[in-house]
Every structure is written in C-alpha cells, then in structure tokens.
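# What the coordinates show
Given next are the chains, with one letter for each unit.
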Amino acid sequence: MAKKFTPKVLTANHLLTGDVIYWDENGDWADAFEDALYLDTEKLANHVLTLAEKQQEVIVGPYLADAALGPDDKPMPAHFRETFRMTGPSNYHHGKQAEA
Amino acid sequence: MYSYSQFDKDFIAERNKQFRAQVERRIDGSLTEGEFKPLRLMNGLYLQLHAYMLRVAIPYGTLRSAQMRQLAMIAETFDKGYGHFTTRQNIQFNWPKLRDVPDILDALAEVEMHAIQTSGNCVRNVTSDHFAGAAADEIEDPRPTAELLRQWSTDHPEFAFLGRKFKIAVVGSETDRAVTKAHDIGLRMVRGAHGEAGYEVIVGGGLGRTPMVGKVIRDFLPAEDLLPYVESILQVYNRLGRRDNKYKARIKITVHENGLDVIRDEVEKAFVLQRQAFGGYDQELFASIKEAFAPPAFIDAPLDAFYAAQNADASFRSFVDTNLAEHKNPDYAIVTISTKAHGKTPGDATADQMRVMAELAETYGHDELRISHEQNVILPHVHKSHLPDIYARLREAGLATANIGLISDIIACPGMDYCALATARSIPVAQQIATRFDELKLEHDIGALKIKISGCINACGHHHVGHIGILGLDRAGVENYQITLGGDHTETAAIGERAGPGFAYDEIVPAIERLVYGYLDLRNDAEETFLETYRRLGAAPFKAVLYPAEQIAAE
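Fair warning: this is a prediction, and the values are worked out from it, not measured in the lab.

The rules we used
Residues numbered from 1 in each chain as written. Chains lettered and ligands numbered in written order. Predicted model: local features only at pLDDT ≥ 70, side-chain atom pairs only at ≥ 80, totals over all residues. Heavy atoms only, no water. Helix = DSSP H or I, 4+ residues; strand = E, 2+ residues; numbered from the N terminus. Rg over C-alpha atoms; globule rule 2.2 N^0.38 Å. Buried < 20%, exposed > 50% of the residue type's maximum accessible area, 1.4 Å probe, protein only. Contact = heavy atoms within 4.5 Å. Areas by Shrake-Rupley, 256 points an atom, 1.4 Å probe, with all protein chains shown as cover. Lys, Arg positive; Asp, Glu negative; His and termini not counted. Charge placed at Lys NZ, Arg CZ, Asp CG, Glu CD. Salt bridge = Lys/Arg side-chain N within 4 Å of Asp/Glu carboxyl O. Polar contact = N/O pair within 3.5 Å; in protein donor to acceptor, adjacent residues only side chain to side chain. Pairing = 2+ DSSP bridges. Axes fitted to C-alpha atoms, helices over the stretch in contact; angles between N-to-C directions. UniProt positions renumbered as here; feature names shortened; annotations may be inferred. Parallel < 35°, antiparallel > 145°, perpendicular 65-115°, else oblique. Nonpolar A, V, L, I, M, F, W, Y, C, P; charged D, E, K, R; others polar. Phe/Tyr/Trp six-rings, centres within 6.5 Å; stacked < 30°, edge-to-face > 60°. Lys NZ or Arg CZ within 6 Å of the ring centre and 35° of its normal. Patch = residues over 30% accessible without salt bridge, like charges linked within 9 Å, V, L, I, M, F, W, Y side chains within 5 Å.

### Thoughts on the overall build of chain B
When you go through chain B residue by residue, the secondary structure sums to 19 helices and 21 strands. In terms of C-alpha radius of gyration, chain B reaches 23 Å, essentially the compact-globule figure of 24 Å for 555 residues. Dimensions along the principal axes, computed over C-alpha positions, put chain B at roughly 60 × 60 × 60 Å. When burial is assessed residue by residue, chain B has 62% of its 555 residues classed as buried. Residue pairs at least 24 apart in sequence account for 68% of intrachain contacts in chain B once pairs closer than 6 positions are excluded. Surface summary for chain B: the accessible area is close to 20400 Å², and the carbon and sulfur share equals 52%. Of note, chain B has its 60 positive side-chain charges centred 6 Å away from the centre of its 76 negative side-chain charges.

In structure tokens form, the structure reads like this:
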C-alpha cells in the first residue's frame, strides 16, 4: 500500500548566502517558514520540486520538508529538524532568529 | 615546524585559482550544483543546515601563532567572530558566504594553510598526538611522520576516489592520545629489538555505525618502509573494499569481511612490489622534514615565580593541577587551554580568544600551538616561570577553566544545531551537563571522566569511546539519547556498551547525574576512576542506577 502523503513545503538554501529559504505562493523565495506555500497534495509537491530544481542559479539543495498547518492556518514544521532550520542554532543567537 | 616549500605554495595557489574560477562558473550558471558539489567538497566547503560550512585542515593539529591570528581574522571578517575546533583537529567556520570562500582560501594560503582533502573519499588530514614533540613519555616526535604522510597523500592520484574516506593517525608515545585504534590506519612509533625506529601498524579501526577497534597488522615495520607499506594497504583496500554499499565501504568492513590474515597476506604481496618502486626519495624527504621539527631552543631560568604563585593562589594551583601535563624538559610544562568554560560550546573560540592564544604562544610558547581531538588548544612548550603570567592572561580571556580530563571537558560534535547529517542536538546537552556539575561543585571530586557526545550514528563526537558515551537519535520525530558505558579512547581502547533504552532530551542530564552519583557510591575510594570502577564491577550496578526499578516498572 502506498504511504500516506504528508503535506510539505519546499525549502532550499540560497546559493550565495547559504540562508534557508522557502518557496512561496508567488513562486518566489521567502525567508520565513510561515510564508511558504503549503503543498497539500503529492502532485503539487512534486511539481514545485521540479520547478525549484530549475532555479539552480538562485538556490542549492532543494527538498520537500514535512509540514503541518498551525493554529493560524499558516504552515509550520512537522519535524524538529525544520524547526531548528527555521530558527537557528540553540547555542548562539545566530541564523534566522537573529534576523527576525 | 614544517614550512611550505615552493612546490607546496605553487600547488595551493593553483588549486585556489581553480576553485575561484569554479565558484564563478557555479554563480554564472555554467556549472550545475551536481557538477559543483564534488568540487566544493574537495575544497572543504559543505552545505549545512543554516549555511555553508568551511572545514580547514590543521595538519596534525599544529599551528603557529601567525596561523592562529589568521584564523581569527577569517572568523571576524568572513564569519560570525568565532571558529569551531573539531575532533579531527581541524577548524570549521559555520557561516561563510559562497563568494567569500575563494578569498578565505587565499587568506589561508598566506599562512600556509588550506582546506583540501577535508572532505571526500580520499586520505583526510593526518592526525596526531597533541602533545607531540613535548610529552615526557614520548619515544619520538610523530609529526615528521604525519607530515611525510600529508605530502604523500595530498592529491595522490591513485587514492583521490577511494570507496570511502580514509583516516590515518600517528602517535610517538606509549600513551595513545590520538585514538589510533579508531582509525583506518593507526601508527604507533616503537623501537625494534636493537633500538631501531619503526611502527606498529594498526588497521581497520573506526567508529560510526559499525564501531571497531583496530587490529595490529604488523608488529614492527621498519621506519624506512612506511610509505610503501601504507601505500600497499591503500591499494589492497582500493581493490577489495566494497563500493556497493556506502555503509560497508570503510576498511574496517574490508578487514572484518575478509579477515585480518587475508588482508595482511595481500598487503605483504603488494609491499614487495611497492618497496622496490619507492627507490629512496621518500627517505631523503623524510630526513629534510625531520630537520624542520627540531625542538625549540629551551630557556634556562629560575622557577621561583612559579612556586610562589602556586603557594599564594589557590585557583592557579587548581589550574596547574588540572591543565598541565608533563614535558620532556622538567622545567617546562604542556598547558592545555580549555575551550570548555562551563556552559560554553565545546571547541568554540572567539576571534579575540584566538588572538590571545596566539599572543601567548608567541610570547611564551616558542610560537607553537596545538589543537587536540578533544577540542582544546595546547601550548606545548611553556617554561614554568611563565605560567603565572599565562594564567592571568587566560583568565582575562575566559580561557582559564581548570577542567581538563574532568566531567565538563566534554567532546561534542556540532549536532543538529549545525550539521545536516545530525539526528539530534549535542551542544546543549554538553552545555547543560557542564553547567549542572559546576553547580554541584562535584567535578574535581568525580575526577577523570570522559563524556563524549555525538548527534548521529556517524560518531564525530567519539561517543563509542567515551567512558560515558551519549548518542543523539531521532526516535519517531523526537530527540532521544542513548547512553553507552565503559568506552576507552586510549591504548587500551574499548567500545562502550549500550546501557539500555534511550532518554528524552529533558531526561538525559538527570540520567547522567544519577549515573555519576551511582559511581561515587560504587567506587572503592576517591582514587578509583569511573572507568576503573566500571571495569571492576561491570555494567549491572550502573544500569541499576540509570534505570531505577520504578522507572522500569512504569515502562
């Protein structure tokens, strides 16, 4: 039996800066997880991944990350790895938490 | 110390020029990421969770003060003001921008450093004893051997695309401070029956998902046969090593699956041919390398100031008791500078701290610094009369923590705070353990205890050989920490035994606390270390304190 699809967001790192970025509803790259386009079907997720992979001059390492909808209906990470990526390291106030 | 030859300088300059052009071609779209990735990895540039990471080689952990200052400059100019010393005696910068990396590599080249072969399936930076050239128990300085191996393995065309990475460590003392038995090849300098120089050759050690203690493949290898013999091992590994499964591709698996005797026979066959092929140039080179590692001109001075400070200042006395090791010159000491002030990130040093350590090495330490696999910084040659001044300067810089070899002197990999491979965090666990035992004011009473933490099964944090090892895993989407007991990283190397079920993130520090209190109750006296007590009693009483009956019943 096929595994049940888990909703996703498309994330990558910026080619020049290495910053964590997300594919948003306009097909642009957003800095915040909550601004990512919520990909609730496998077909849509794979389509966006294909589009992202064509943007190699802008990004590096695109992949689909598990996501869920938060109380405000905005996407949030479904796994702690993505929570760290969207926040920054826990030993210093560096990364995204410092930019907010 | 070794200085680059013109050949070395030209080689690095050419490689840096190539990489600069490769970066430009990646940015202008001429290279895809698929094409660029192997090129950047060959130059030490990884992509991690939050950013790129540049891993810079510190050959056998040896630095001059000018090199340390340049690392400080790079940390400040191109990163966030700090660097992270690793268990491979390297330094990692966690936040470089792609466009800056060629400039960073050029800055490294100015001080004879590079990032080549810090990644990829090749022979990696050769590691060694961080007390090399200074330790009282040393038979011979292992650094010339390490440098010879570095030159031989750099850009070696036959070994640029091995089945998997390959790590070599060399020690020159009875005491193994370089974990040689957990390397693909470990070399221990020994003396033959008639006093001749040679090596005991250990092969097939390694940590990671299949931890194995290395096995002796040759009891005594004459010193002049080193390169042909090591080359023979690499050839046999290259031929017999598996390439069908990356998790079975290290030489430890090749040795395990084929048997040590088969590998030894194959190596000896290859060695007959290799020995003829080498023709003596390697020995000329080795002789010139040895000259570069002549001991410094040790000074002769009264020790009154040292003894006076020892009598007058309890905190200095504590530092002396804990952070000094015996030097081959009795008027000298080896000073280990802890990067592990309680609550700080193990292995991290700020640019300012790097400059202080460089200044101390230049002023008092014959211009030498070392990085240990335990992620500390060493001043290998300090005349004892200078210790009070050094201690005062270290205190000002937050570098005088007297905890070497104690419970807060923890190895921790970057873990999920930085590493793309990690399955859980390591750093905050180390920080909390150190802070907790500092609050309890117990660590000097506990005595020698090695805690080593890895944030994934790849074991960069050496958890398998920690007296207490902690492995962070992802269990159903939650961080979970497994404890191993009784590991040993020294010449009596042993892989720790898994204690039982793992602990949640907020349970791991209390679990370690139970374990340590248990040890304090179990030990014969204050002289019996954790490892000795474990070896005397076995795992059972430690498991009993780690998993109290009510907890087991609840599960």
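### Some remarks on unusual backbone geometry
Residues and elements named next belong to chain B. We note that Gln89 has phi near 60°; this positive angle belongs to a residue other than glycine. The residue Ala476 is not glycine, and still its phi comes out positive at about 55°. By the secondary structure assignment, Ala476 is in the loop between strand S18 (468-475) and strand S19 (478-485). For Ala476, a relative accessible area of 82% translates into the label exposed.

### Digging into the pattern of salt bridges
Across all of its chains, the model carries 43 salt bridges over all chains by this definition. Between Glu82 of chain A and Arg85 of chain A there is a salt bridge, and its shortest N-O distance comes to 2.9 Å. Of this pair, Glu82 of chain A and Arg85 of chain A are both found in helix H2 (residues 80-87), three residues apart, which corresponds to roughly one turn of the helix. An identical accessibility class is assigned to Glu82 of chain A and Arg85 of chain A; each is buried. Taking the shortest distance from any N to any O, the salt bridge between Glu374 of chain B and Lys450 of chain B comes out at 2.9 Å. With Glu374 of chain B in the loop between strand S14 (368-371) and strand S15 (377-383) and Lys450 of chain B in the loop between helix H15 (443-446) and strand S17 (451-454), this residue pair connects regions lying 76 residues apart in the sequence. Like Glu374 of chain B, the residue Lys450 of chain B is buried in the burial classification. Each of Asp141, Arg143, Glu368 and Arg370 of chain B takes part in salt bridges that share partners, so that together they form one network.

### A short note on the environment of Arg20 of chain B
All names here are of chain B. Tracing the backbone through its elements, the reader meets Arg20 in helix H1 (residues 6-27). On the basis of relative accessibility, which here comes to 30%, the residue Arg20 falls in the partly exposed class. C-alpha separation for the pair Arg20 and Asp106, spaced 86 residues apart in sequence, amounts to 9.6 Å. Residues contacting Arg20, with those up to four places away along its chain left out, are Pro102, Asp103 and Asp106. Within the local environment of Arg20, its side chain forms a polar contact with the backbone oxygen of Pro102, the two atoms lying 3.4 Å apart.

### Looking at the sheet that holds strand S8 (residues 185-191) of chain B
The strands making up a sheet associate through hydrogen bonds between their backbones, and the pairing can be parallel or antiparallel. Residue and element names in this part refer to chain B. In spatial order, the strands read S6-S7-S8-S9-S10; together these five strands make up an open sheet with mixed pairing. The strands lining the two open edges of the sheet, one partner per strand, are strand S6 (127-128) and strand S10 (215-222). Pairing of S6 with strand S7 (residues 168-171), which is carried by two bridges, proceeds in the parallel orientation. Across the sheet, residue Ser128 finds its bridge partner in S7, namely Val170. Relative to the sheet, helix H8 (residues 260-278) contacts strand S9 (197-203) and S10, its axis offset from that of S10 by approximately 30°.

### Details of the UniProt feature "domain: Nitrite/sulphite reductase 4Fe-4S" (unreviewed entry) in chain B
All names here are of chain B. The feature "domain: Nitrite/sulphite reductase 4Fe-4S" (unreviewed entry), as annotated in UniProt, sits at residues 119-270 and 409-546 in this numbering. As annotated, residues 119-270 comprises 30% helix and 18% strand, and the C-alpha atoms at either end are separated by 27 Å. Helix makes up 36% of residues 409-546 and strand 19%, with an end-to-end C-alpha separation of 22 Å.

### What about the packing of helix H10 (residues 304-312) of chain B against helix H11 (residues 314-323) of chain B?
Residue and element names in this part refer to chain B. H11 packs onto H10 with a crossing angle of 115° between their chain directions and a minimal axis gap of 6 Å. Here H10 is positioned roughly perpendicular relative to H11, judged by the angle of their axes. Contacts between H10 and H11 involve Phe306, Ala309, Gln310, Asn311 and Ala312 on the former and, on the latter, Ala314, Phe316, Arg317 and Val320. Residue classes in the contact of H10 with H11 are distributed as six nonpolar, two polar and one charged.

### A short note on the packing of aromatic side chains
Residues and elements named next belong to chain B. Counted by the stated rule, this structure contains 20 aromatic pairs over all chains. Note that Arg209 overlies the ring of Tyr247, its terminal NZ or CZ placed 3.8 Å from the centroid. Above the ring of Tyr505, the side-chain terminus of Arg425 is found at 4.1 Å from the ring centroid.

### As for a negative patch on the surface
All names here are of chain A. Together, Glu25, Asp31, Glu34, Asp35, Asp72, Asp73 and Glu99 give the surface a local cluster of negative charge. Within the fold, Glu99 resides in helix H3 (residues 96-99). Among the residues examined, Glu99 registers a relative accessible area of 52% and is labelled exposed.

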